[in-house]
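Residue strings, one per chain:
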Amino acid sequence: MNDTFLKACRGEPVEYTPVWFMRQAGRSLPEYRALRKEGSILNAIKDPDISTEITLQPIRRYGVDAAILYSDIVVPVHAIGFGVDIKPGVGPVAIDPFRSSSDLNRLRSLNPQVDTPYVLETIQRLVDVLEIPLIGFAGAPFTVASYLIEGGPSRSYQKTKAMMFSDKSLWDSLMERLTDITIESLVSQIEAGASAVQLFDSWAGSLSPAQYEQFVLPHSQRIFEALSEHSVPRIHFGVGTGEILHLMSAAGADVVGVDWRVPIDEARKRIGVGKSVQGNLDPSILGGDWELISEEVIDILKRNAGQHGHIFNLGHGVTPEVNPDVLKRIVDLVHNFRTAS
Ligand code: CP3
């Protein structure tokens, strides 16, 4: 197996900077749209034939250094029957959102062999054919909670924060349940063959450092601790997290993902020594001229200044309108870059 990505996660020397893209399997690929057709993405995820093929599509096209499982952060809570779906063009929605302690009963523990066997089957099939590492993933308790409480995507996370501040004991109970579910899911993915895992706390950047520290950090810390005995690299990612990077790092991951708002050299200072960094090209420039894109790519690589422990990625996911040829050119540019150049 080509383990350049895993080496960079562990901060070991590599011959070239490894690269993969969040949401690399998705709507910017015509072959994805052809296979996905209409219908809920959750049904596509339940079919190992489809999800295996969709995971492999970007690997063939781009030559990236890691595959990411085709699944979604709400798959575990959907599987235990909370009542959440993914609306095309919108995202996860819960018709009957989480409101009070009686809703805790809707979040029983996850038994991955029974509740999400299709995820494990897809991972097993993938590791049989892949020549690069497969990244498993889960949503972090805060980000998943935000969908369950708001009932859908949100800009302000008002209901989520209201629950946090008005009923700390209910908040902690909710976070504890989601933490258990996340651990069960990630451990099962590792046991099925995933060689790294990423915890997506996509919306944690909506919190102040004090809020993050009090209401989120202890739970995310418990996840990374529970994974430590499995000795696979653990990645921790969120958007708009510039002011909490030091705390996300303290949660215990080996790699911290950075969006585009903080330059990677500055981000590395905030994350601290002994950690690897993943990022951080602004996905919204991908529609621009190649000249601008390539300058930005090179700028990130130069700012990293040849330090060990850099995985090139976007600062957030690939958006549907991105031209796949641009992503291919980025992979080639990153792979061919040498510090001296
Ligand atoms: O290629 C990959 O990155 C692997 C697959 C993956 C998906 N979702 C598939 C998907 C991953 C890693 C996710 C994680 C995920 N899901 C996150 C964390 C990452 C991030 O972007 O911050 C979040 C917040 C979600 C929740 C979610 N699911 C959203 C916001 C959406 C988009 C809604 C839309 O249609 O614009 C989804 C749906 C979804 N999950 C799509 C894909 C490829 C697109 C819709 C589809 O193909 O049906």
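In what follows, the structure referred to is the one given above.
Residues numbered from 1 in each chain as written. Predicted model: local features only at pLDDT ≥ 70, side-chain atom pairs only at ≥ 80, totals over all residues. Heavy atoms only, no water.

This model, assessed by the stated rule, comprises 19 salt bridges. Taking the shortest distance from any N to any O, the salt bridge between Arg125 and Asp49 comes out at 2.6 Å. With Arg125 in helix H7 (residues 117-129) and Asp49 in helix H4 (residues 48-62), the pair connects residues that are 76 residues apart, well separated along the chain. Taking relative accessible area as the criterion, Arg125 reaches 30% and is therefore assigned partly exposed. Between Asp254 and Arg234 there is a salt bridge whose closest N-O contact spans 3.0 Å. (Salt bridge = Lys/Arg side-chain N within 4 Å of Asp/Glu carboxyl O. Helix = DSSP H or I, 4+ residues; strand = E, 2+ residues; numbered from the N terminus. Buried < 20%, exposed > 50% of the residue type's maximum accessible area, 1.4 Å probe, protein only.)

This paragraph deals with the site of the ligand. As a structural note, the neighbourhood of the ligand is formed by 25 residues, with Arg23, Tyr32, Arg36, Ser202 and His316 the closest of them. Contact between the ligand and Asp72: a nitrogen atom at 2.8 Å from a side-chain N or O atom of the residue. Coverage of the ligand by the protein chains reaches 93% of its 860 Å² of free accessible surface. Going through the elements one at a time, helix H2 (30-36) and strand S3 (91-94) are the ones with two or more residues in the shell around the ligand. For the shell around the ligand, the per-class residue count stands at 15 nonpolar, 6 polar and 4 charged. (Near = heavy atom within 4 Å. Polar contact = N/O pair within 3.5 Å; in protein donor to acceptor, adjacent residues only side chain to side chain. Areas by Shrake-Rupley, 256 points an atom, 1.4 Å probe, with all protein chains shown as cover. Nonpolar A, V, L, I, M, F, W, Y, C, P; charged D, E, K, R; others polar.)

By size, the foremost hydrophobic cluster in this structure holds 118 residues, and its most contacted members are Phe5, Phe98, Leu107, Tyr212 and Ile330. The residues touching Phe5, leaving out its near neighbours within four places in the chain, are Pro18, Trp20, Asp65, Ala66, Pro133, Ile135, Ala196, Ile235, Gln278 and Ile311. (Core = buried A, V, L, I, M, F, W, Y, C linked by side-chain atoms within 4.5 Å. Contact = heavy atoms within 4.5 Å.)

Our next topic: the packing of helix H15 (residues 290-304) against helix H16 (residues 324-336). In contact at an axis separation of 11 Å, H15 and H16 are set at 35° when each is read in the N-to-C sense. Classified by chirality, the crossing of H16 by H15 is right-handed. Here H15 contributes Trp290, Ile293, Ser294, Val297, Ile298 and Leu301 to the contact with H16, which in turn contributes Val326, Arg329, Ile330, Leu333 and Val334. For the contact of H15 with H16, the class distribution of residues is 9 nonpolar, 1 polar and 1 charged. (Axes fitted to C-alpha atoms, helices over the stretch in contact; angles between N-to-C directions. Left-handed = near helix turned anticlockwise from the far one by under 90°.)

Cis geometry marks the peptide bond from Gly279 to Asn280, where omega comes out at -10°. Within the element layout of this structure, Asn280 appears in strand S8 (residues 276-281). Non-glycine residue Arg23 carries a positive phi angle of around 55°. Since its relative accessible area comes to 59%, Arg23 is described here as exposed. A positive phi angle is found at Ala305, which is not glycine, with a value near 55°. Note that Ala305 resides in the loop between H15 and strand S9 (310-314).

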